[in-house]
Amino acid sequence: MNIQSFAVIGAGQMGSGIAQVASQAGLEVQLLDLKEEWVQKGWNRIVKNLSRNVEKKKMTEAEKEDVLSRIHTTVHLEEAVGGADMVVEAVVENMQVKRDLFGKMDDLAPDRAILATNTSSLPITEIAAATKRPEQVIGMHFMNPVPVMKLVEVIRGLATADNVYQTVETLARKMDKTPVEVNDFPGFVSNRVLMPMINEAIYTVYEGVAEPEAVDQVVKLGMNHPMGPLTLADFIGLDTCLYIMETLYEGFGDSKYRPCPLLRKYVKAGWLGRKTGRGFYQYA
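All figures in this text were calculated on a predicted structure; none of them were measured in a lab.

> Which parts of the structure should I look at to understand the domain arrangement of the protein?
Interface size is commonly expressed as the accessible area that is lost once the parts come together. Along its sequence, the protein is carved into domain 1 (5-183) and domain 2 (191-274). Taking only C-alpha atoms into account, the centre of domain 1 sits 27 Å from that of domain 2. On the side of domain 2, 5 residues touch domain 1, which itself brings 9 residues to the contact. Of the roughly 610 Å² buried where domain 1 meets domain 2, counting both sides, 59% is carbon and sulfur surface. Counting the contacts that link domain 1 with domain 2 gives 0 salt bridges. Seen at the junction of domain 1 and domain 2, the total is 1 residue pair in polar contact (both at pLDDT 80 or more).

> I'm lost on the environment of Q20 in this one. Help?
Topologically, Q20 is positioned in helix α1 (residues 13-24). As for Q20 and A210, which are separated by 190 residues in sequence, their C-alpha atoms are 40 Å apart. In this structure, Q20 is in contact with I46, N49, L50, N53, V67, I71 and P147, ignoring residues within four places of it in sequence. Polar contacts involving the side chain of Q20 include one to the side chain of N49, which spans 3.1 Å.

> Could you clarify how one ought to interpret the nonpolar core in this entry?
It is characteristic of soluble globular proteins that their nonpolar side chains tend to be buried jointly. In this structure, F6, M86, M140, F142 and M175 are the most contacted members of the largest nonpolar core, which totals 37 residues. What M140 contacts, discounting residues up to four positions off in sequence, is M86, V88, A116, T117, N118, V152, E153, I155, V168, A172 and M175. In this structure, V81, M105, L115 and A128 belong to the second largest nonpolar core, which totals 23 residues.

> Which parts of the structure should I look at to understand the pairing of strand β8 (residues 178-182)?
The side chains of a regular strand alternate between the sheet's two faces. As paired elements, strand β7 (residues 151-156) and β8 share 5 bridges and run parallel to each other. Following the sheet pairing, I155 is matched in β8 by V182.

> Would you mind showing me how to read a nonpolar patch on the surface here?
A contiguous nonpolar surface patch, about 210 Å² in accessible area, is contributed by V92, V97 and Y243. The partly exposed category is assigned to V92, whose relative accessible area is 39%.

> What is the right way to read the UniProt feature "site: Important for catalytic activity" (unreviewed entry) in the protein from this model?
Following the UniProt record, one finds the feature "site: Important for catalytic activity" (unreviewed entry) at H141. Structurally, the position occupied by H141 is in strand β6 (residues 137-142). Excluding residues that lie within four positions of it along the chain, H141 makes contacts with T117, N118, T119, S120, L151, V152, E153, I155, F188, S190 and N191. Within the structure, H141 has its side chain in polar contact with the side chain of E153 (distance 2.8 Å).

> So what exactly am I meant to see when it comes to the UniProt feature "domain: 3-hydroxyacyl-CoA dehydrogenase NAD binding" (unreviewed entry) in the protein here?
Taking the UniProt record as the reference, the feature "domain: 3-hydroxyacyl-CoA dehydrogenase NAD binding" (unreviewed entry) is found at residues 7-184. Between the C-alpha atoms that bound residues 7-184 there is a distance of 23 Å. The span itself is 44% helix and 21% strand.

> Just checking my understanding: could you explain a positive patch on the surface for this structure?
A contiguous patch of positive charge on the surface is contributed by K48, R52, K56 and K58. Assignment of secondary structure puts K58 in the loop between α2 (36-55) and α3 (61-69). Owing to a relative accessible area of 60%, K58 belongs among the exposed residues under this scheme.

> Looking at this model, I keep getting lost on the packing of aromatic side chains. Mind explaining?
Here the distance between the centres and the angle between the planes together describe a pair of aromatic rings. Summed over the entire model, instances satisfying the criterion amount to 4 aromatic pairs. Measuring from centroid to centroid gives 5.1 Å for Y266 and W271, while their planes differ by 65°, and the two rings are edge-to-face. Through a chain of ring-to-ring contacts, the aromatic side chains of Y266, W271 and F280 assemble into a single cluster. Taking the ring centre of Y165 as reference, the NZ or CZ of R156 above it sits at 4.4 Å. Looking at R278, its charged tip hangs above the ring of W271, at a distance of 3.7 Å from the centre.

Conventions adopted
Residues numbered from 1 in each chain as written. Predicted model: local features only at pLDDT ≥ 70, side-chain atom pairs only at ≥ 80, totals over all residues. Heavy atoms only, no water. Domains from an automatic or database assignment. Contact = heavy atoms within 4.5 Å. Buried area = accessible area lost by both parts, 1.4 Å probe. Salt bridge = Lys/Arg side-chain N within 4 Å of Asp/Glu carboxyl O. Polar contact = N/O pair within 3.5 Å; in protein donor to acceptor, adjacent residues only side chain to side chain. Helix = DSSP H or I, 4+ residues; strand = E, 2+ residues; numbered from the N terminus. Core = buried A, V, L, I, M, F, W, Y, C linked by side-chain atoms within 4.5 Å. Buried < 20%, exposed > 50% of the residue type's maximum accessible area, 1.4 Å probe, protein only. Pairing = 2+ DSSP bridges. Patch = residues over 30% accessible without salt bridge, like charges linked within 9 Å, V, L, I, M, F, W, Y side chains within 5 Å. Areas by Shrake-Rupley, 256 points an atom, 1.4 Å probe, with all protein chains shown as cover. UniProt positions renumbered as here; feature names shortened; annotations may be inferred. Lys, Arg positive; Asp, Glu negative; His and termini not counted. Charge placed at Lys NZ, Arg CZ, Asp CG, Glu CD. Phe/Tyr/Trp six-rings, centres within 6.5 Å; stacked < 30°, edge-to-face > 60°. Lys NZ or Arg CZ within 6 Å of the ring centre and 35° of its normal.

What follows is the structure, encoded as structure tokens:
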């Protein structure tokens, strides 16, 4: 299947990034969110990213305008998905929210449409079960920030058809990404490895082993990571980190995935990281 019309549900940091790389790949893109101001914020983020590329001589002003001309914004789900060859949802990491959305998209999207989720940890098979086309449902987990990071985890659900997988793999390469096939287990590969490391880093702060700055410095200098785990947690969002740890804990039933109490406390306090101005660090 040749994907030409592409819809993105959710105009946040991930959704706007997906819309940008889809348009850069030559696709006509519909970008949707629940409120006009949220859609506008996503649009502004795309404009800022592309303008930075122009400043760095990575693209011309004409190329920037060409990319923007293919991105259309809306707050109406039927308008977004009604003519789409493929839809990617990038909404909150909550199973019930995603299942409800996939049920609605299944009713509104053309029969040919592939329905993909950018979930970072939730089971593809369970999301697909909310539709009447589970063979056309797949995971397409982009990394943050989407325009920069090359990896896309492509996750088959139990019923995902081979031709759907091949179409999504080809599309990922067209978007200048490197697709990696992953099976449908909690956290897939990326977050099954990353999140326990972040959770353990939080435990070292919780138990008084070291301050956040020291923990990050040890990992950056000792393991040659570009960013410390607590800085990264703030960047991802502590609420998202907690969602993923809870998914791992529930999915595997293993105490090694138990979320640190300090992580729960920060989320309850509304200290979610960069997006709220405070997490393990404070941000202007």
